Amino acid sequence: MDSRSSCVVVTGFGPFRQHLVNSSWEAVKELSKLGLGSDMEVELQTLQLPVDYREVKQRVARIWEDLQPQFVAHVGVDPAAKAIFLEQCGKNRGYRDADIRGFRPECGVCLPDGPEVIASEVSMKAVSRRAAVQGVEVAFSRDAGRLCHPVPSRWVLGAAQSHHADPHVAHFCLGLILRTRPLTSLWWLAEEKGYVCDYAYYLSLHHGNGCAALIHVPPLSPWLPASLLGKALQVLIQEMLEEIEKGRAQNQKLSLCSSSRGEPTGGLLL
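Everything quoted here is computed from the prediction, not taken from an experiment.

**Q** Any chance you could explain a nonpolar patch on the surface here in plain terms?
**A** A contiguous nonpolar surface patch, about 300 Å² in accessible area, is contributed by Leu20, Val21 and Leu220. Summarising the element assignment, Val21 is placed in the loop between β1 (7-13) and α1 (23-34). By relative accessible area, Val21 is classed as exposed at 53%.

**Q** Help me out: how do you make sense of the pattern of salt bridges in this one?
**A** Pairing between side chains of opposite charge can happen when the charged atoms of each approach one another. Scanning the entire structure with this criterion turns up 9 salt bridges. For Glu239, the salt bridge is made with Arg130, and the minimal N-O distance between the two is 3.0 Å. Taken together, the residues span a long stretch of sequence, with Glu239 in helix α7 (residues 226-260) and Arg130 in helix α3 (residues 124-130) at a distance of 109 residues. The class of Glu239 is buried, set by a relative accessible area of 15%. Using a relative accessible area of 35% as the deciding quantity, one classes Arg130 as partly exposed. The partner of Lys246 in a salt bridge is Glu243, and the shortest N-O contact between them spans 3.9 Å. Of this pair, Lys246 and Glu243 both sit in helix α7, 3 residues apart, which is roughly one turn of that helix. Through salt bridges with shared partners, one network takes in Arg130, Glu239, Glu243 and Lys246.

**Q** Teacher, can you tell me more about the layout of surface pockets here?
**A** Rolled over the atoms, a probe with the dimensions of a water molecule shows which regions are left empty. Each pocket or cavity is described by its volume, and for the second largest pocket that value is around 150 Å³. In terms of lining residues, the second largest pocket is bounded by Tyr53, Arg54, Lys57, Phe103, Pro105, Glu106, Cys107, Val109, Cys110, Pro112 and Tyr199. The element contributing the most residues to the lining of the second largest pocket is helix α2 (residues 53-67), with 3 residues. Grouping the amino acids of the lining of the second largest pocket by side-chain chemistry returns 8 nonpolar, no polar and 3 charged.

**Q** Would you explain unusual backbone geometry in this entry?
**A** One can expect most non-glycine residues to show negative phi and most peptide bonds to be in trans. Phi is positive for Arg17, which is not a glycine, with a value near 45°. Tracing the backbone through its elements, the reader meets Arg17 in the loop between β1 and α1. Here the phi dihedral of Cys107 falls at roughly 60°; this positive angle occurs in a residue that is not glycine. Relative to the helices and strands, Cys107 resides in the loop between β5 (89-91) and β6 (117-119).

**Q** When you look at the sheet that holds β1 in this model, what are you seeing that I'm missing?
**A** Strands pair in a sheet through their backbones, by hydrogen bonds, and they do so in one of two ways: parallel or antiparallel. Ordered by their spatial adjacency, 6 strands build an open sheet running β2-β1-β3-β10-β4-β7, and the pairing between neighbours is mixed. If you trace the sheet from one side to the other, it starts and ends with β2 (43-49) and β7 (138-141), each paired once. Within the sheet, the average angular offset between the axes of one strand and its neighbour, ignoring direction, is 25°. Strand direction decides the pairing type here: β1 and β2, joined by 7 bridges, are parallel. Each residue of the ladder has a partner; that of Val9, found in β2, is Gln45. Set on the sheet, α1 makes contact with β1, β2, β3 (71-77) and β10 (212-217); between it and β1 the angle comes to about 145°.

**Q** Quick question: what am I supposed to make of α1 here?
**A** Residue pairs spaced three or four apart in an α-helix point in one direction, given the helix's 3.6 residues per turn. Its 12 residues give α1 an end-to-end C-alpha distance of 17 Å, which sits within 8% of 16 Å, the value for a rise of 1.5 Å per residue. Residues of α1 that are buried include every one of Ser23, Ser24, Trp25, Ala27, Val28, Glu30 and Leu31, and no others.

**Q** Just checking my understanding: could you explain the packing of α2 against helix α6 (residues 196-207) for this structure?
**A** The relative placement of two packed helices comes down to the angle between their axes together with the axis-to-axis distance. Running from N to C, α2 and α6 point in directions that differ by 30°, and their axes come no closer than 10 Å. One finds that α2 runs roughly parallel with respect to α6. The two elements α2 and α6 meet at a crossing, and its hand is right-handed. Side by side, α2 and α6 meet where Tyr53, Val56, Lys57, Val60, Ala61 and Trp64 of the first sit next to Val196, Tyr199, Ala200, Leu203, Ser204 and His207 of the second. When the residues that make up the contact of α2 with α6 are grouped by side-chain class, the tally is 9 nonpolar, 2 polar and 1 charged.

**Q** Help me understand the nonpolar core in this model?
**A** Counting 64 residues, the largest nonpolar core has Val56, Phe71, Ile84, Leu86, Ile215, Ile237 and Met240 as the members making the most contacts within it. The dominant element in this core, judged by the number of residues it contributes, is α7, at 10 residues. Apart from the residues lying within four places of it in its own chain, the contact partners of Val56 are Phe13, Leu49, Pro50, Val196, Tyr199, Ala200 and Leu203.

What counts, and at which threshold
Residue numbers here run from 1 along each chain, matching the order of that chain's written sequence. Local features in this predicted model are restricted to residues of pLDDT 70 or higher, and side-chain atom pairs are both shown and tallied only at a pLDDT of 80 or more, whereas totals for entire chains, interfaces and linings draw on every residue. Computation of side-chain values: all heavy atoms of the structure, hydrogens and water removed. A patch is a set of surface residues, each over 30% in relative accessible area and not in a salt bridge, joined within 9 Å for like charges and within 5 Å for the nonpolar side chains Val, Leu, Ile, Met, Phe, Trp and Tyr. With residues, only the protein chains shown are counted as cover, and all accessible areas are computed by Shrake-Rupley using a 1.4 Å probe. In the sections that follow, a salt bridge refers to a side-chain nitrogen of Lys or Arg positioned within 4 Å of a carboxyl oxygen of Asp or Glu. Helix and strand labels come from DSSP, where a helix needs a run of H or I of at least four residues and a strand needs a run of E of at least two; each type is numbered from the N terminus. With a 1.4 Å probe rolled over the protein chains alone, any residue whose accessible area is under 20% of its type maximum counts as buried; one over 50% counts as exposed, and the rest are partly exposed. In this analysis, the protein atoms alone were mapped onto a 1 Å grid. Cavities are point sets where a 1.4 Å probe fits without being able to get out; pockets are open sets with protein on both sides within 12 Å along at least five of seven lines; lining residues have an atom within 4 Å of a point. Grid points are joined across faces, edges and corners, and a volume is the space filled by probe spheres set on the points. For this scheme, ten residues count as nonpolar: Ala, Val, Leu, Ile, Met, Phe, Trp, Tyr, Cys and Pro. Four count as charged, namely Asp, Glu, Lys and Arg, and the remainder, Gly too, count as polar. When DSSP finds two or more bridges between two strands, those strands count as paired. To get an axis, fit a line to the C-alpha atoms, keeping to the stretch in contact for a helix; angles then go from 0 to 180 degrees between the N-to-C directions. Should any heavy atoms of two residues lie within 4.5 Å, those residues are counted as being in contact. Given a helix with a known number of residues, its expected span is that number minus one, times 1.5 Å. Here roughly perpendicular refers to angles of 65 to 115 degrees, roughly parallel to angles under 35, roughly antiparallel to angles over 145, and oblique to all remaining angles. Each helix crossing is assigned a hand: it is left-handed if the near helix lies turned anticlockwise from the far helix by less than a right angle, otherwise right-handed if that turn is clockwise. In these notes, a set of buried Ala, Val, Leu, Ile, Met, Phe, Trp, Tyr and Cys residues joined through side-chain atoms within 4.5 Å is what counts as a nonpolar core.

Structure representation (structure tokens):
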């Protein structure tokens, strides 16, 4: 791993709204008990962040300045999720929901001069395919902060019919959708929207040059207890660290090859 630091920081969030027990923090506490495994030569540090934009901005900056971690994983709760989602990118805009103190970032922006999107060095798609935790589904999302709402199929059918004079065409279109997503209700993308966990992720991607992750976990339930979510975090973060190491080794190999040919060296975008 990176020789400058053996520290890996994992954060969860405190209570907010009706979530008096935040599953993200409960899962991180379980991870703290488990550790990242004896074969991982890293120091695990776990921290709770408040659901407070201004406080998160200060604390994330201090994490990177004081601890100089090689990797930071933020864990947030997605109240509507039934699976664990790995977010590939962090976005600079869309933070319109008030935090626990009623504060909203000005114009919904995290960093006024920051790039619109920052991607993690980790391929979340690759991690989601490799990681296997019994009893938990893992998926990846290209964009953190995209809010989806369940929309009944009859709504989609009505919208399709309004654009087609022939009702058979509308039914055919709906059939195509349902074959790719066979649910009684469809997840329909409504708007782009971020909250404090997405805000923290963007900041860590900015401070850490992409060496960060955002893991959204579902609320606690009898079939998804904190112990299972903690185990899932252990497996996922192990995979993420291996993915980063693999990318760095590949970069070094490319640099050596370029140097041996007398060509300018450059980094590999993952």
